[in-house]
Amino acid sequence: MIVVIKNDSNPKQMDNLVKWIKNQGLRINLSKGENTTVMGLIGDTSKVDIDLLSSLDIVESVKRIQEPYKNANRKLHPEDTIIEVGGHKIGGSNFILMAGPCSVESEKQVITIAEAVKKAGASVLRGGAFKPRTSPYAFQGLRESGIDILVKAKKETGMPIVTEIMSEEYLDKFADVDIIQVGARNMQNFELLKALGRTRKPILLKRGLAATIEEWLMSAEYIMSEGNKEVILCERGIRTFEPYTRNTLDLSAIPLLKELTHLPVIVDPSHASGLSRLVAPLSLAAVGAGRDGLIIEVHNDPPHALCDGAQSLRPEQFADLVKRIEVILPLVGKEAIQK
Ligand code: PEP
Ligand code: MN
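Here's a quick rundown of the structure. (Residues numbered from 1 in each chain as written. Chains lettered and ligands numbered in written order. Predicted model: local features only at pLDDT ≥ 70, side-chain atom pairs only at ≥ 80, totals over all residues. Heavy atoms only, no water.)

Concerning the layout of surface pockets
If a probe the size of a water molecule is rolled over the atoms, the empty space left behind becomes visible. The line we're drawing: Using protein atoms alone on a 1 Å grid, points that fit a 1.4 Å probe yet trap it form a cavity, whereas open point sets bounded by protein on both sides within 12 Å along at least five of seven lines form a pocket; residues with an atom within 4 Å of a point count as lining. Grid points are joined across faces, edges and corners, and a volume is the space filled by probe spheres set on the points. For helices the rule is a DSSP run of H or I covering at least 4 residues; for strands it is a run of E covering at least 2, with both sets numbered from the N terminus onward. When residue character is reported, Ala, Val, Leu, Ile, Met, Phe, Trp, Tyr, Cys and Pro are called nonpolar, Asp, Glu, Lys and Arg charged, and the others, Gly included, polar.
Estimated volume of the largest pocket: approximately 270 Å³. Looking at the largest pocket, it is lined by 21 residues, and the ones nearest its centre are K131, P132, R185, H271 and D308. For the lining of the largest pocket, the leading source of residues is strand β9 (residues 161–165), giving 3 residues. Partitioning the lining of the largest pocket into residue classes produces 5 nonpolar, 7 polar and 9 charged.

Okay, structure coming up:
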């Protein structure tokens, strides 16, 4: 339920209203925007007397939220959420580029790629240490030592890092990680989501392999309902009947999410297509659709990559793509890339 507060309300009236709501066992999500103050009531609102609430002096209007996601709902939080990572902003009119190899393979590989993508315009370094592979016989990632390498690369280049967690068991290892990624395969690992909800680190929540937008937003809700409001959604393609591409990038989801949620949304054109030659056109389409950033796989030697070489850009291809993205950004109301 949302309660829109009148602009001329005074603090005393606000206090009384907050007490009245809390006495009914409800939690409040207060969103103070430039023009409106919105109070989101979370919990069992079925017994709230809407007529009484609407009649209060400071209340402009009261509406029930039909959608099952509340914290993530734009109705509850009309302004875009902006998340700060290592001095960079994600969301609103900002645009962020995250790039790096699919998997951490060695210190030299990660640092070489990190320096190249940073020079080209990326501000966050990606790299998988714990890899969710379809086959148990495939390279599983360097795991804990992979995180150590990423942290070294962060120290060396100053770039914040994003890497995937697969189990709560390893959460301590993520202390120096700036953004924790939840991969597509774990989008509905609810215990993991709840554990991440108890951290205070930004979470990059990838869309599940065949998840609906509502299921995805409900996963964000799992994190947010535990107190962590810093969720970045990542559209990475969904499984369809089309075998020519690894997945199908759901471009429609991008503007739709702008209506449904205040959370930032970034796009992963690498996993969406599985083909390096499609990464640039899909990136440009995603930027044109007006979203908040991209996460792109870049490798210095794609044919020898231990994972996802076929969809990885070479650093010079990435640099070329960044120049083309920069042309589109002002057309969609975005500020220049933060370098
Ligand atoms: C990845 O980012 O390396 C990854 C495994 O992505 P996804 O979970 O989207 O498949
Ligand atoms: Mn990958």
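Considerations on the pairing of strand β11 (residues 203–206)
Heads up, the rule is: Burial here depends on accessible area, computed with a 1.4 Å probe over protein chains only, as a share of the maximum for the residue type. Under 20% is buried, over 50% is exposed, and the range in between is partly exposed. Pairs of strands are assigned from DSSP output, requiring at least two bridges between the strands. The crossover handedness rule: strands pointing away from the viewer, path from first strand over the helix to second strand clockwise, crossover right-handed.
The two faces of β11 match: I203 and L205 on one face and L204 and K206 on the other face are all buried. With 3 bridges joining them, strand β10 (residues 179–182) and β11 adopt parallel strand pairing. When the sheet's bridge partners are listed, I180 is paired in β11 with I203. Taking the sense of rotation as the criterion, the β-α-β connection linking β10, helix α5 (residues 190–197) and β11 turns out right-handed. Sheet topology places β11 next to strand β12 (residues 231–235); 4 bridges connect them, and they run parallel. Opposite L205, over in β12, you have L233 as the bridge partner. Since β11 and β12 lie parallel, the crossover through helix α6 (residues 213–225) that links them has a hand, and here it is right-handed.

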